[in-house]
Each structure stands twice: as structure tokens, then as C-alpha cells.
Amino acid sequence: MTAELFGVAGPLLALFAGFGVLIGLLFGFFGMGGSFLVTPALMVMGYDTDVAVASGLAFVFATSVIATLKHRDLGQVDYKLGVLMIAGTTAGIEVGKLGLHALQAMGLADTVVSIVYVGLLGGIGAFITYRATRGGGDGGISHDTEADADDIPDVAKQIQSYRVPPMMELRGGITVSLWLILVVAFATGLLSGFLGVGGGFIRMPALFYLIGVPVPVAVGTDLFEIVFSGGIGSFLYAMDGAVDLSIVVPLLAGSAFGARLGAAATSLVDEDEIKVYFGVMLLLGALAVAVRKVGNVADVPVLQTVSLVIILGAATLVAGAVVVSSIRALRSGNAPAASAAD
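Residues numbered from 1 in each chain as written. Predicted model: local features only at pLDDT ≥ 70, side-chain atom pairs only at ≥ 80, totals over all residues. Heavy atoms only, no water.

Student: Mind laying out the confidence of the model for the protein chain, listing which residues take part and the relevant values?
Tutor: Of the residues in the protein chain, 82% have a pLDDT of 70 or more, and the chain-wide mean is 76. Of the regions scoring below 50 in pLDDT, residues 1-7 engages in 9 contacts with residues more than four places distant in sequence or in other chains. Long-range and interchain partners of residues 137-143, a stretch whose pLDDT sits below 50, account for 18 contacts in this model, where long-range means more than four residues apart. (pLDDT = per-residue confidence, 0-100. Contact = heavy atoms within 4.5 Å.)

Student: Any chance you could break down unusual backbone geometry for me, citing the residues and the numbers?
Tutor: A cis amide bond links proline 165 to the next residue, proline 166, at an omega of 0°. Mapped onto the elements of the fold, proline 166 is located in the loop between α7 (154-160) and β1 (167-170). The phi dihedral of aspartate 299 is positive, around 55°, even though this residue is not glycine. The topology assignment puts aspartate 299 in the loop between α12 (271-298) and α13 (302-332). (Helix = DSSP H or I, 4+ residues; strand = E, 2+ residues; numbered from the N terminus.)

Student: Mind laying out the packing of helix α6 (residues 109-133) against helix α9 (residues 200-211), listing which residues take part and the relevant values?
Tutor: At a minimum axis separation of 11 Å, α6 and α9 run at an interaxial angle of 40°. Looking at the two axes, α6 sits oblique to α9. Between α6 and α9 lies a crossing whose hand is left-handed. Residues Tyr117, Leu120, Leu121, Ile124, Phe127, Ile128 and Arg131 of α6 touch α9, and the partners they reach there are Phe201, Ile202, Pro205 and Tyr209. Considering only residue class, the contact of α6 with α9 consists of 10 nonpolar, no polar and 1 charged. (Axes fitted to C-alpha atoms, helices over the stretch in contact; angles between N-to-C directions. Parallel < 35°, antiparallel > 145°, perpendicular 65-115°, else oblique. Left-handed = near helix turned anticlockwise from the far one by under 90°. Nonpolar A, V, L, I, M, F, W, Y, C, P; charged D, E, K, R; others polar.)

Student: Tell me about a nonpolar patch on the surface, and please be specific about residues and values.
Tutor: On the surface, a nonpolar cluster with roughly 470 Å² of combined accessible area is contributed by Ile232, Phe235, Leu236 and Met239. Within the fold, leucine 236 resides in helix α10 (residues 215-239). Overall, leucine 236 belongs to the exposed group, its relative accessible area being 51%. (Patch = residues over 30% accessible without salt bridge, like charges linked within 9 Å, V, L, I, M, F, W, Y side chains within 5 Å. Areas by Shrake-Rupley, 256 points an atom, 1.4 Å probe, with all protein chains shown as cover. Salt bridge = Lys/Arg side-chain N within 4 Å of Asp/Glu carboxyl O. Buried < 20%, exposed > 50% of the residue type's maximum accessible area, 1.4 Å probe, protein only.)

Student: So what about the environment of valine 306? Which residues, and what values?
Tutor: Along the chain, valine 306 turns up in helix α13. Taking the relative accessible area as the measure of exposure, valine 306 reaches 34% and is therefore partly exposed. Residues valine 306 and valine 291, spaced 15 residues apart in sequence, show a C-alpha to C-alpha distance of 7.5 Å.

Structure representation (C-alpha cells):
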């Protein structure tokens with residue numbers, strides 16, 4: 001299929017394809033939606049807001065399908081947990097949207113959401129980075145989808161200790177109350193609906209730190225959820241004709257490779273390294289959002305470009321680190337002997 005068929009110039013087509021590889025790799029590795037990269041990039045390039053949002057969402061949906069299939073092959077998707085999280089987050093999103101509409105009516109939505117968003121990104125990023133670099137784990141390779149009691153966070157152990165029936169047995173050999181899963185899902189959905197984001201950067205840490213799911217399974221299960229949330233959103237936008245295939249198709253062409261590469265890397269890279277990379281991404285994301293907000297308030301358009309450069313630069317550096325770590329693990333013989341599906 002040629003660039004002319006899409007109405008996109010050759011260099012721009014190559015740019016979108018390369019961008020797709022980068023985002024697909026991060027998406028498959030972290031289980032965190034790529035819309036926080038795609039949407040602002042398209043807006044800076046001059047696309048209308050609805051087209052940027054809709055095309056970003058359609059891209060995230062398709063990429064999540066690709067990455068989820070790879071995580072399924074690696075035995076890293078807990079479908080039972082995923083369905084429960086979808087139910088809880090859906091309810092939370094609806095309540096979060098009501099809160100957002102109330103703030104919009106008061107004219108405070110933009111400021112409050114920006115502050116909360118920066119606080120969450122920075123807070124979660126700092127917490128995850130600190131815990132990972134502190135060396136709390138055993139320091140070894142942790143690609144196993146079975147949870148080691150020593151690797152489960154203290155908060156998750158406390159949550160698992162509340163034996164409120166019915167109890168659910170999850171992938172990784174852990175057992176936790178159904179009600180506690182729904183509470184965690186509702187809370188993450190509430191934040192997602194309030195902030196107007198996919199919520200992958202909230203859900204993935206919540207699955208590990210609050211429920212105790214091993215990191216590779218947390219990533220795979222989060223992607224499974226995004227298939228449904230992204231699919232519904234993409235369909236609704238497509239019905240309005242806002243999805244631009246000249247953007248989505250070349251992005252997907254690149255991400256099809258990147259997403260599978262990123263998903264495979266979760267079974268090669270040390271679990272603490274995954275957490276460090278994830279934390280750094282969130283910290284730099286918080287900085288980018290803060291810079292963009294300052295640019296809006298101070299009416300300094302160049303800061304919008306600076307914000308985009310920060311987040312794209314962070315994505316490139318982290319993606320490069322993921323690839324280097326994976327290659328290093330393969331060369332050192334630390335890759336798991338059986339990474340195929342169970």
C-alpha cells in the first residue's frame with residue numbers, strides 16, 4: 001500500500017512508521033497506553049484535536065490487541081482478573097466523569113486536572129523508582145509469572161490478608177477477596193475517568209503494589225483491559241468520522257513489530273529494571289505535562305514543543321534501554337528457558 005493511497009508524503013509515512021515502532025515497544029513492555037505520546041504529537045503537527053484524540057485511541061486499541069496476543073503466548077494474561085478489573089474500572093470511570101463535569105461547570109477543570117495529573121505521574125514514578133532502586137527484591141531475574149512471597153509488596157500482603165468471601169485465585173498463585181479487587185479497580189477507574197486518560201500508568205502499578213500480581217502478568221492483564229476500553233472508544237469516534245487512517249495505518253505497521261518486541265522483553269529484563277524504566281517514564285511525563293501547563297498559563301507556545309521533545313526524548317531513551325537490557329540478558333544466558341505459552 002503506497003503513501004499516495006493514504007494521502008501522506010513518503011517522509012511523513014516513514015516518520016509515523018518509526019514512531020509506531022517506538023510506541024509499540026513501550027506499550028508492549030509497560031502495558032501503558034501510547035495515547036499520551038501520540039495525541040500531543042499529532043496536535044503539535046497541526047491536526048485537529050478530535051482527529052488527534054480519535055486516531056491516537058484507534059492506534060492504542062489495535063496495538064493493545066497485538067501486545068496482548070504476545071503476552072498471552074508468554075502466559076502473562078490473567079483473564080479472570082482482567083474481566084473483574086474491567087467491571088470495576090467501568091463503574092469508576094463513570095463516577096470520575098461526573099466529578100470532571102462538575103469541575104468544568106465551575107471553570108476549574110483544566111487547572112485541577114493538570115495538578116492532579118502531574119502529582120500522580122510524579123508521585124507514582126518517584127515511588128516506583130525509589131522502591132526498585134532501593135534493592136528490595138532478590139536482585140535476580142524475575143520473569144516468572146508465579147509470585148514469590150518475598151517479592152510481594154507489603155501493602156499487597158496486607159490486602160491479601162483480608163479474607164472477605166468470595167475469594168479469588170489469580171494467576172501467580174495468589175488469592176485475594178473479590179471485593180478488594182473491585183475496590184482497587186473502581187479507584188483506578190475513578191482516577192482514569194477524572195483525568196480523561198486510559199489509566200494504564202495507574203492500573204499496572206495498582207495490580208502489582210496493591211493486589212500483588214507479578215509485574216509481567218500485571219502488564220499483560222492491563223493490556224487485555226485496554227483492548228476493551230480502547231475498542232469501545234475507537235468505535236464511537238470512528239462513527240463520527242474522526243479516525244484518520246492515513247495516521248493510524250503507518251503507526252500500526254511499525255507498532256506491530258514494536259509491541260511484540262516489547263512484550264517479549266518483559267520475559268527477559270529484570271523485574272526491578274522494568275519498574276525503574278516505568279518510574280523514569282512517569283517522572284519525565286510529569287515534567288512534560290508541567291511544562292505544557294506553564295506554557296498555556298504564560299502564553300509561551302514554544303513550551304508546547306519543549307514538552308513534546310521531553311516526552312519523545314524520554315520515550316526514545318527508555319525504549320533504547322529496554323532493547324539494550326534485553327540483548328544483555330540474552331547474551332548473558334539469563335533469558336528464561338521456556339518463554340512459550342503454557
